[in-house]
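Structure assessment
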Amino acid sequence: MYSKILFPTDFSPCAEKAISYIIQLRDSGAKEVIVLHVVDDFCVEGLLKHCKMAGFEPEEFKKLVLDEMISENEEMVEGVKKILIEAGFQVSVRIEFGKPVKEICKIAEEENISVIVMGAKGKGALKSMILGSVSEGTVRNAHVPVLVIH
Ligand SMILES: Nc1ncnc2c1ncn2[C@@H]1O[C@H](COP(=O)(O)OP(=O)(O)OP(=O)(O)O)[C@@H](O)[C@H]1O
Ligand SMILES: [Mg+2]
């Protein structure tokens, strides 16, 4: 029923908690996991406007930021991948650039995902909210079930 899982992660402790629930879904026939990290383009929007001053084209600058994010998070990505492969999943990793909610929902459709499993909170500082903006936006907009882990 839940054969293909999308695991969006910001590598926060709450997102990491989702891993044990993903592993439990193996018993209900889950076979494949896509681990997704979205580099929020909001963080570099200001820089993009001025990157020409530094001699970069915007696309070239975006690629540099992505490459930097990939190498910065490589250890964590590999760690998650290893755990899921050892649990018997077929695993692929996607690191994308954009708005996290939009990318998560787009990839869920593109990849024909059966369920999204994610943390309720992430690296954000607001501890009083029940859901962060990415988990809330995904629950509101995704066309597939979302399992949110507190
Ligand atoms: N950039 C991202 N790429 C992929 N998944 C993400 C990303 N950011 C958050 N997530 C997923 O969404 C979950 C909830 O994080 P969210 O960002 O909504 O909470 P927060 O950081 O506490 O709040 P906010 O970002 O609104 O300040 C995370 O545990 C993770 O599973
Ligand atoms: Mg966040």
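Further up the page is the structure itself.
This text gives an overview of the structure that appears in the document. (Residues numbered from 1 in each chain as written. Chains lettered and ligands numbered in written order. Predicted model: local features only at pLDDT ≥ 70, side-chain atom pairs only at ≥ 80, totals over all residues.)

The next thing to look at is the overall build of the protein chain. Assigned secondary structure in the protein chain consists of five helices and five strands. Along its sequence from the N terminus, the protein chain presents helices and strands in the succession β-α-β-α-α-β-α-β-α-β. Relative to the globule expectation of 15 Å for 150 residues, the C-alpha radius of gyration of the protein chain, 16 Å, shows essentially globular dimensions. If you line up the protein chain on its principal axes, its C-alpha atoms span 55 × 35 × 25 Å. The buried share of the protein chain, taken over its 150 residues, is 27%. Of the contacts made within the protein chain by residues no fewer than 6 positions apart, 80% connect residues no fewer than 24 positions apart. (Helix = DSSP H or I, 4+ residues; strand = E, 2+ residues; numbered from the N terminus. Rg over C-alpha atoms; globule rule 2.2 N^0.38 Å. Buried ≥ 20, exposed ≤ 12 C-beta atoms within 10 Å, placed from the backbone. Contact = placed C-beta atoms within 7 Å.)

For ligand 1, the set of nearby residues contains 22 residues, the closest of which are Gly-119, Gly-122, Gly-124, Gly-132 and Ser-133. Secondary-structure elements contributing two or more residues to the shell around ligand 1 are helix H1 (13-24), strand S2 (32-40), strand S4 (115-119) and helix H5 (133-141). Among the elements that make up the shell around ligand 1, the one with the highest residue count is S2 (four residues). (Near = placed C-beta within 6 Å.)

As a further point, take H1. Regarding H1, the residues found buried are Ala-15, Ala-18, Ile-19 and Ile-22. Looking down the long axis of H1, one finds its buried residues gathered within 120° of arc, a one-sided arrangement. Facing away from the buried side of H1, by more than 90 degrees, are the exposed residues Pro-13, Ser-20 and Gln-24. In the core, the buried residues of H1 are packed alongside strand S1 (4-8), S2, helix H3 (58-86), S4 and strand S5 (146-149). (Arc of directions from axis to C-beta.)

Most peptide bonds take the trans form, and the phi angle of most residues other than glycine is negative. We note that Phe-11 has phi near 65°; this positive angle belongs to a residue other than glycine. Within the secondary structure, Phe-11 is located in the loop between S1 and H1.

What follows is about the sheet that holds S4. Sheet strands pair via backbone hydrogen bonds, and the direction of the pair is either parallel or antiparallel. Pairing within the open sheet is parallel, and its five strands lie in the order S3-S2-S1-S4-S5. Of all strands in the sheet, those bounded by a partner on one side alone are strand S3 (90-98) and S5. On average, each strand axis in the sheet is tilted by 20° relative to the strand beside it, whichever way the strands run. Bridge count for S1 against S4 is two bridges, and the pairing is parallel. Of the residues in S4, the one forming a bridge with Leu-6 is Ile-116. The sheet strands contacting H3 are S2 and S3, and the helix crosses S3 at an angle near 155°. (Pairing = 2+ DSSP bridges. Axes fitted to C-alpha atoms, helices over the stretch in contact; angles between N-to-C directions.)

Moving on, we come to the environment of Gly-132. Considering the arrangement of structural elements, one finds Gly-132 in the loop between S4 and H5. According to the C-beta neighbour criterion, Gly-132 is buried, with 22 such atoms within 10 Å. Between the alpha carbons of Gly-132 and Gly-122 there is a distance of 6.8 Å; along the sequence they are 10 residues apart. Not counting residues up to four positions away in its chain, the partners in contact with Gly-132 are Ala-120, Lys-121, Gly-122 and Gly-124.

Further remarks concern the nonpolar core. Counting residues in hydrophobic clusters, the biggest one holds 29 residues, and the most contacted among them are Ile-5, Leu-6, Phe-7, Ile-22, Val-33, Ile-116 and Val-117. Among the elements that line this core, the one with the most residues is S2, at six residues. Apart from the residues within four sequence positions on either side, Val-33 is in contact with Ile-5, Phe-7, Ile-22, Leu-84, Phe-89 and Val-91. (Core = buried A, V, L, I, M, F, W, Y, C linked by C-beta atoms within 7 Å.)

Turning next to the pairing of S5. The pairing of S4 with S5 spans four bridges and is classified as parallel. Bridge assignment links Ile-116 to a residue of S5, and that residue is Val-146. Read from S4 through H5 to S5, the crossover connection turns out right-handed. (Right-handed = clockwise from strand over helix to strand, strands pointing away.)

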